[in-house]
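Chain and residue survey
For reference, the chains in residue letters:
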Amino acid sequence: MESLRCSWRWCLCFFLLPLSLALSAEVPTPVSVLGHTPGDDFYLANYEDAVKYFHALAATTDRMKMFTVGKSTQGRDIEVAVISSPENLAKLDEYKKNARQLATADGLDDAQAHALARESKVIVHIDGGLHSSEVAGGQHSIALAYKLISATNDPEIDAILKNVILVLWPTLNPDGQDMVVSWYRKNLGTKYEVAPMPWLYQEYVGHDNNRDGFMLNMKEEQVIARAEIEYSPDIFYCQHQTAPFPARIWIPPFADPISSNISPYVRSWLNVIGTNMSAYLDQHNMPGAISESRFDNWYAGFTDWAGVFRGEISFFTETALYKYATPRLYTVDEFPSQYGDLRPLSMYTTPWEGGWWRLKDAVDYMVAGSMSVLDLAAKNSESLQFNRYQTARDNRHRTEPPFAYVISDKQADTPEAGLLAQKMIDNGLDVYQTQTGFHANGISYPAGSWVIPMDQPFSPLAKELFERQVYPALATDQTAAGAHLPYDLTGWTLPLQMGVAVDVVSDPLEAEQRSKMAKIEEVKLPEASVDGTGSTFAISHKPNNAFQVVNAVLGQGGTVAVATDAVKTSEGMEKGAFIVSGVSRSTANDLVSKFAVGASSVPPPEHTIALKKARIGLYRPWNASIDEGWTRWILENYHYEAKSLYNADIRSANLRSRYDIIILPDMNSSQLMSGFHPGMVPGQYAGGIEQAGLDNLREFVRAGGTLVAFNQTAGSLIPLMSLPVRNVLQGMPSDKFYCAGALLRIETQHPELPINFGVPSSPVVMFERGPAFEVLPGFKGAVLARYAREGDVLESGMIIHQEVLHDKIAALEVSYGRGRIFLYGFKPQQRGQAHGTYRYLFNALYQFDDPPMPAEVSASPLKASAEASATPEEAEIPAGRPAPGKKNARSGGGTAQP
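Residues numbered from 1 in each chain as written. Predicted model: local features only at pLDDT ≥ 70, side-chain atom pairs only at ≥ 80, totals over all residues. Heavy atoms only, no water.

This paragraph deals with the pairing of strand β29 (residues 706-710). Burial analysis of β29 places five of its five residues in the buried class, which makes it a mostly covered element. Residues T706, V708 and F710 line one face of β29 and the alternating positions L707 and A709 line the opposite face, and both faces are buried. Alignment of strand β28 (residues 661-664) against β29, held across four bridges, turns out to be parallel. Residue pairing in the sheet places L664 in a bridge with A709 of β29. Sheet topology places β29 next to strand β38 (residues 819-824); five bridges connect them, and they run parallel. The residue of β38 that forms the bridge with T706 is R820. (Buried < 20%, exposed > 50% of the residue type's maximum accessible area, 1.4 Å probe, protein only. Helix = DSSP H or I, 4+ residues; strand = E, 2+ residues; numbered from the N terminus. Pairing = 2+ DSSP bridges.)

We now examine the confidence of the model for the protein chain. Of the residues in the protein chain, 92% have a pLDDT of 70 or more, and the chain-wide mean is 92. Of all secondary-structure elements in the protein chain, the lowest mean pLDDT belongs to helix α1 (residues 2-26), at 44, while strand β4 (residues 164-169) reaches the highest, 99. When the criterion is pLDDT under 50, residues 1-25 qualifies, and its contacts beyond four places in sequence or with other chains add up to two contacts. Here residues 851-897 is a poorly scored stretch, pLDDT under 50, and it has 102 contacts once near neighbours within four places are set aside; other chains count. (pLDDT = per-residue confidence, 0-100. Contact = heavy atoms within 4.5 Å.)

Glycine aside, residues mostly have negative phi, and peptide bonds are mostly found in the trans state. For the bond running from P252 to P253, omega is 10°, close enough to zero to count as cis. As for its placement among the helices and strands, P253 is situated in strand β6 (residues 249-255). Note that the residue after P401, namely P402, is joined by a cis bond; omega there is 5°. Considering the arrangement of structural elements, one finds P402 in the loop between α13 (381-396) and β11 (404-407). The phi angle at N654 is positive, at roughly 60°, despite the residue not being glycine. Relative to the helices and strands, N654 is located in the loop between α22 (647-651) and β28.

Note on helix geometry: an α-helix contains 3.6 residues per turn, so any two residues three or four positions apart are oriented the same way. For helix α6 (residues 110-119), the complete set of buried residues consists of A113, L116 and A117. Angular distribution of buried residues about the axis of α6 spans 100°; they occupy a single face of the element. For α6, the exposed residues set more than 90 degrees away from the buried face come down to A111 and R118. In the core, the buried residues of α6 are packed alongside α5 (92-104) and α13. Where α6 starts, the residue carrying a side-chain oxygen 3.2 Å from the main-chain nitrogen of A111 turns out to be D109. (Arc of directions from axis to C-beta. Polar contact = N/O pair within 3.5 Å; in protein donor to acceptor, adjacent residues only side chain to side chain.)

So, about the sheet that holds strand β20 (residues 559-563). Within a sheet, each strand pairs with its neighbour through backbone hydrogen bonds, oriented either parallel or antiparallel. Spatially, β18-β24-β19-β23-β20-β25-β39 is the arrangement adopted by the seven strands of the open sheet, whose pairing is mixed. Looking at the sheet topology across the chains shown, the edges are occupied by β18 (530-531) and β39 (846-848). In this sheet, strand β24 (residues 599-601) lies alongside β18 in parallel orientation, the contact comprising two bridges. Looking at the pairing, D531 lines up with S600 of β24.

This model, assessed by the stated rule, comprises six cavities of 30 Å³ or more. The calculated volume of the largest cavity comes to roughly 110 Å³. Taken together, 16 residues line the largest cavity, and the ones lying closest to its centre are S132, E134, V135, G138 and Q177. Listed by contribution, the elements that provide at least two residues to the lining of the largest cavity are α7 (136-150) and α9 (174-187). Looking at the lining of the largest cavity residue by residue, the class counts come to six nonpolar, nine polar and one charged. Each pocket or cavity is described by its volume, and for the second largest cavity that value is around 80 Å³. As for the second largest cavity, its lining consists of 13 residues, of which G213, I224, T303, A306 and R310 are closest to the centre. Here the lining of the second largest cavity gets four residues from one element, more than from any other, and that element is helix α10 (residues 219-231). A breakdown of the residues in the lining of the second largest cavity according to their chemical character gives five nonpolar, four polar and four charged. (1 Å grid on protein atoms, 1.4 Å probe; cavity = no way out; pocket = protein on both sides within 12 Å on 5 of 7 lines; lining within 4 Å. Points joined across faces, edges and corners; volume = space filled by probe spheres on them. Nonpolar A, V, L, I, M, F, W, Y, C, P; charged D, E, K, R; others polar.)

Below, the discussion takes up the packing of aromatic side chains. Think of a pair of aromatic rings as described by two things: how far the centres are apart, and how the planes are tilted against each other in angle. Summed over all chains, the structure comprises 45 aromatic pairs. Seen in terms of ring centroids, W183 and W199 are 5.5 Å apart; in terms of plane orientation they differ by 75°. Their pairing is edge-to-face. In this pair, W183 sits in helix α9 while W199 sits in the loop between α9 and α10, placing the two residues 16 residues apart along the sequence. When its relative accessible area of 2% is taken as the criterion, W183 is described as buried. Its relative accessible area of 29% is what places W199 among the partly exposed residues. Between F547 and Y846 the ring centres are 6.5 Å apart and the planes differ by 20°, which places this aromatic pair in the stacked class. Pair noted here: F547 is in helix α19 (residues 545-555) and Y846 is in strand β39, with a separation of 299 residues, a long-range link. Overall, the relative accessible area of 3% leaves Y846 in the buried class. (Phe/Tyr/Trp six-rings, centres within 6.5 Å; stacked < 30°, edge-to-face > 60°.)

At a minimum axis distance of 9 Å, the contact between helix α8 (residues 155-163) and helix α12 (residues 359-379) shows a crossing angle of 60°. Judged by the angle between their axes, α8 and α12 are oblique. Note on packing geometry: the crossing formed by α8 with α12 is left-handed. Where α8 approaches α12, its residues E156, I157, A159, I160 and N163 are matched on the opposing element by M371, L374, D375 and A378. (Axes fitted to C-alpha atoms, helices over the stretch in contact; angles between N-to-C directions. Parallel < 35°, antiparallel > 145°, perpendicular 65-115°, else oblique. Left-handed = near helix turned anticlockwise from the far one by under 90°.)

Bringing α19 into the picture now. Among the 11 residues in α19, 10 count as buried, and that is most of the element. Where α19 is concerned, the buried positions are N545, A546, F547, Q548, V549, V550, N551, A552, V553 and L554. Of the residues trailing α19, G557 is marked for its positive phi of about 85°.

Dropping the structure here:
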């Protein structure tokens, strides 16, 4: 009988073996679909290739389903694969619901959460990266999918499929992957095979797509945030390149500092993941993993990091990269001296010894990193899920202030206040709107104000974005000593950047307060209309949306001016208000309603300056500028018709006959003047504006044109155009002054100038390696803003030796022939976040007619000289022009007052 039983088993196995082999053979290999294997030398799959292969896989297996989660900027479908066991995929909606409940601690106690975590599956996000020139990530996604789907009788993968639901993104940036692959294929086999691509690999922001994690300006980042909230992954793993040379892969833990708003459960798991990955790589004979090194995650806006404030274990790795799919041989004598002896270090335990590095090597390291994460998740599914619950539970039971934030709907720029509230909703937070009678902190708030309670699961994100960043003293000291430089910005407080007043509620919300607020799914701005009767309308200059109205009126053939005397607007009496006429009342009413800015009918004011639509050019270098992309995106969103100016356009004579205003975004002098060196890229993309372009810019301004320059470019123009201005920070070492990205307070000078209309008396600007100015003998123009003469200019972030900035100029207008040059020592449109300083840009984008002036005043108000209290080097006030009064000192305020 036993022999019969064994014979039967043998026959069954013999029968099933061909069937198993047949099923395995049905799983298509990448080469069978694409003609190549990911990692092949000189081959890159584009996004369409990846999606084609993913669909081919999904058609042959019950382990994988495809979903479309949104659209890219250029209109491509963004697709993801969900990979797990057939049983798990059949219950995907149930597991997503469970994950959401655990991530929010909704209706659970500890025992219930344990039980739910035990019966559910851990969800893991892994992607092919978002920086498209880091090409191995997108290839790794194909290889990882094939490895998981094609495996048979593999205990490690079987356990992963049983216990993990993987959400695998081919890439987070489909447009960029297609752009980069197309560029590489075009140049393959030529001398430009490894040439850099001469445009941004995301339509507007390039590398900054990983700086848009909380602002969610770009469509791709909006899609990612929605998907993360929908799937509630416990782990979010993003692939990047490149590692600090000669390491082959950078892995967690991160370098300090780290935010205290991150749950200790998340912080601990980040270290565990890194340690586990290091061991996994060693186990698979993959040397060269390094940790800490130069990568800190202090900045909250990384797309692959913002999720930590929602309780996700979000992180990235950086795998070594040469260029595209072209291999490279490295020898030890190329290594930096500290790594040349190949000695193990605490955070670099298995040094790489050099040799060939191919795309396949990078793909293999990435797949190994992903497998280590999936293996860890499979073995710790319940713990990971329960820790996610604990994070949310703790946030729901806050015992320390802040207990809520309140954003009044009655502000100088109410649409921006509403936008800030909407950003919180988009990031997964609950936002409430007040009813009549809501009080907090002894203040009675108008009905319609927005409240963000802090007893909710994702509240650390609100705290991280609303509070002032205080960079740790130890890290500041290390920066001063040159031992550690921050990887990105050190301060980003959103209310300060957006110019929105936000109040901190320091006492717990009581039942009566909660009864006077209702949760909203979407922000609806207060209704706006035209008050009074008449055909001339006054609109406040303070809301950014007012410029939308102005541009729409000008586009419809109406007329716009600015009032130099105070006139009545819906926000009160105001100098500099926009005066609109030449459009019907119904048109005016439609526009102010659409953009949520009120208007008042007024008699035509006596003193106005006519404003006209300008011909705007935006310099777009082939050595692509991220700041140019951000500027272009903002101008498009506010309906300015700016034309991109390339090197050849700038080098062409008679710029003034084609443009009224030219914008030079932030870039260094070499990028502006020289661009890519000849031989580095195909000839049509080589060079910068060169001397011919500089000469044309000089002539453009002398002939009456306006030049607008941001940040580093503003400093570069001083010597290039021989301006009577000095950058006091030029050449200053970091131990004498350092500020790589912090929010600083400045003081407005000359509020009577149109360039300063609508600008607060003491705005906050983002200072990021910019200049600060002094004027020299011969200067003509106007100082627009200064740093305080003494005291603290820092509002959020880190600065070393801020006294260097005391009484220095932050922004100025320089008269140059019949034209003018605006120099901003900061980025007024920084990353699409600095809404509070957009007016510095927008005010410069129109042509203004000179108003009637007393005979004794020779300068137009647009070219007024600096105030009488200026330093002796500054130009004097023209005879007969009264010196403006002393400006207000910087205001104090609560945690998040602008």
